Amino acid sequence: MSKYILALDQGTTSSRAIIYNTDAQPIATEQKEFKQIFPKPGWVEHNPIEIWESQLKVARDVIIKSKIRPENIAGIGITNQRETTVVWNRETGQPIYNAIVWQDRRTSKYCENLKSKNLEATFSSKTGLVLDSYFSGTKINWILNNVDGAKEQAMNGELAFGTIDTWLIWNLTNGKNHITDASNASRTICFNIHTMEWDQELLDILEIPRSMLPEVKDSSGKIALATELIYKKIYPITGIAGDQQAALFGQMCTDTGMAKCTYGTGCFLMMNIGDKPVPSKNKLLTTVGWKINGKTTYALEGSVFMGGATIQWLRDGLKFFKDVAESESLATSINSTDGVVVVPALTGLGAPHWNPDARGTIVGITRGTTSAHITRAALESICYQVNDVLSTMSKDKGSNIQELRVDGGATANNFLVQFQSNISSIDVLRPINHETTALGAAYLAGLGVGLWQMEELKTKWQIDTKFIPNMTREDADKHNELWLKAVERSKNWAS
Ligand code: ADP
């Protein structure tokens, strides 16, 4: 009898569901967008009920579309937008406020306030994160302090907190299970990644009652039983991971030193650093990759704000082309940028430069400069930024990365991926299956239910193209030097 895995991929703008067969090939996909709510500048919310209903609808639809018998679903894997915070009433199951999304900046001042009390080191040494409004803890604090009666209800044990995985599982199990996995817990800034437990000192600082928090489970294994999915049948939930961690697993970066980069709007890098939570000296994040059979694998994480968005800007802002795919032929219509360097610091520079007042800069323009030069330089800039983060990770880890596995929309651009390989002097591997986030959740679920073994999964991950450096290290160094010179010109422009 054929067995299948159902992956639920609850993202920031849409809920998706994919069915995978025993070969880990996707056989059907459904997707539904939901509303983004912007109540004030810097605030971003989602309606938790809409998240649950859209996720349930695509799950049901994909089962019907795939024409498989529901009883042949061996396990469910869940991956989700991380850090987004939901607080609900345990009795009624009703959220007491909208979900506060990871992008929401409303607790920035509170974070500054905590920093002024010299608490940043306490948080970072225990959680591996930086004290920032991005993470869930200060969002929970905001809800408790701003929703009428919330604080009292929380003290009385009437409220539950969850990231999106927890919220979906609560609903899938009809309120029976209040759980999360270690990868999601590690994004709340309340979880101690050394002891792998909720940290009472941090909870006290953030004024969060311990009773609100979910139980932390492994990322793979028999985690819970979903009763509310379809036809009142029971389906085991056997995999959970936050989206970036799921992508790392979906790329089968299961050995120390393996790294992946997702090239979407921004670029998200993650590197497997093994069983010890190495702290970063350069403000990268140390986080839980996954916990399987009680064993934790840690990861370093860094991101680039302007990845594919740089090419969108050339399309929409500068009107260089109608379709981002045209950037490749334009860039390869010439042999080099002729010294033009684009620094896409449109919203400042993140890791490892950390210069919020940097602004977009184009240097080296001459009379001969055309849109082709600028486009080529813009594509290259994405790779330089990724390379800066990769080098920082290598420094933090104390060893070089041997190869990079890539995914995301912009990796359709062969010039970009080849240039990454050139400038970083490493092999860059692009898999056949680009949907690595959902695939990672499916892998974790299949592993958890015993459908696949770890070694077998490694053979299921299939390469589409391997990009090998065709630039000498000497040339790469020269290119990187010029880039770093341009980065210096972009810094502090807005200050
Ligand atoms: P997200 O999940 O962040 O929406 P996607 O993985 O869907 O991102 O990738 C979309 C991004 O990739 C866009 O910013 C787009 O500009 C970029 N992109 C897509 N195709 C290409 C291409 N052929 N060349 C360069 N950039 C591309």
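Structure report, in brief. (Residues numbered from 1 in each chain as written. Predicted model: local features only at pLDDT ≥ 70, side-chain atom pairs only at ≥ 80, totals over all residues. Heavy atoms only, no water.)

## A look at the site of the ligand
Taken together, 13 residues sit near the ligand, with Thr265, Gly308, Gln312, Gly409 and Asn413 positioned nearest. Between the ligand and Asn413 there is a distance of 3.1 Å, counted from a nitrogen atom to a side-chain nitrogen or oxygen. Burial of the ligand by the surrounding chains reaches 67%, relative to a free accessible area of 580 Å². Split into classes, the residues belonging to the shell around the ligand amount to five nonpolar, eight polar and no charged. (Near = heavy atom within 4 Å. Polar contact = N/O pair within 3.5 Å; in protein donor to acceptor, adjacent residues only side chain to side chain. Areas by Shrake-Rupley, 256 points an atom, 1.4 Å probe, with all protein chains shown as cover. Nonpolar A, V, L, I, M, F, W, Y, C, P; charged D, E, K, R; others polar.)

## Observations regarding the pattern of salt bridges
What the rule picks out here adds up to 30 salt bridges. In this structure, Arg16 and Asp9 form a salt bridge, with 3.5 Å as the shortest nitrogen-oxygen distance. By relative accessible area, which is 10% here, Arg16 ends up buried. Judged by its relative accessible area of 10%, Asp9 falls in the buried class. Between Glu112 and Lys115 there is a salt bridge, and its shortest N-O distance comes to 3.5 Å. Of this pair, Glu112 and Lys115 both sit in helix α2 (residues 108-116), three residues apart, which is roughly one turn of that helix. Look at Glu112 and you get partly exposed, because its relative accessible area is 46%. We classify Lys115 as partly exposed; its relative accessible area is 27%. One network of salt bridges, in which partners are shared, links Arg82, Glu83, Arg187, Asp243 and Glu301. (Salt bridge = Lys/Arg side-chain N within 4 Å of Asp/Glu carboxyl O. Buried < 20%, exposed > 50% of the residue type's maximum accessible area, 1.4 Å probe, protein only. Helix = DSSP H or I, 4+ residues; strand = E, 2+ residues; numbered from the N terminus.)

## Some details on the environment of Ile78
Following the sequence through the fold, Ile78 ends up in strand β5 (residues 73-80). Excluding residues that lie within four positions of it along the chain, Ile78 makes contacts with Leu8, Asp165, Leu168, Ile169, Leu172, Ile237, Gly239, Ile240, Ala241 and Ala441. (Contact = heavy atoms within 4.5 Å.)

## Considering the state of the cysteines
Tallied over the full model, the rule gives zero disulfides. Take Cys261: it sits in no disulfide, and the sulfur closest to it among the cysteines is that of Cys267, at 4.7 Å. On the accessibility criterion, Cys261 (0% relative accessible area) is buried. Residue Cys383 stays outside any disulfide, its sulfur separated by 8.2 Å from that of Cys267, the closest cysteine. You can call Cys383 buried: its relative accessible area is 0%. (Disulfide = S-S within 2.5 Å.)

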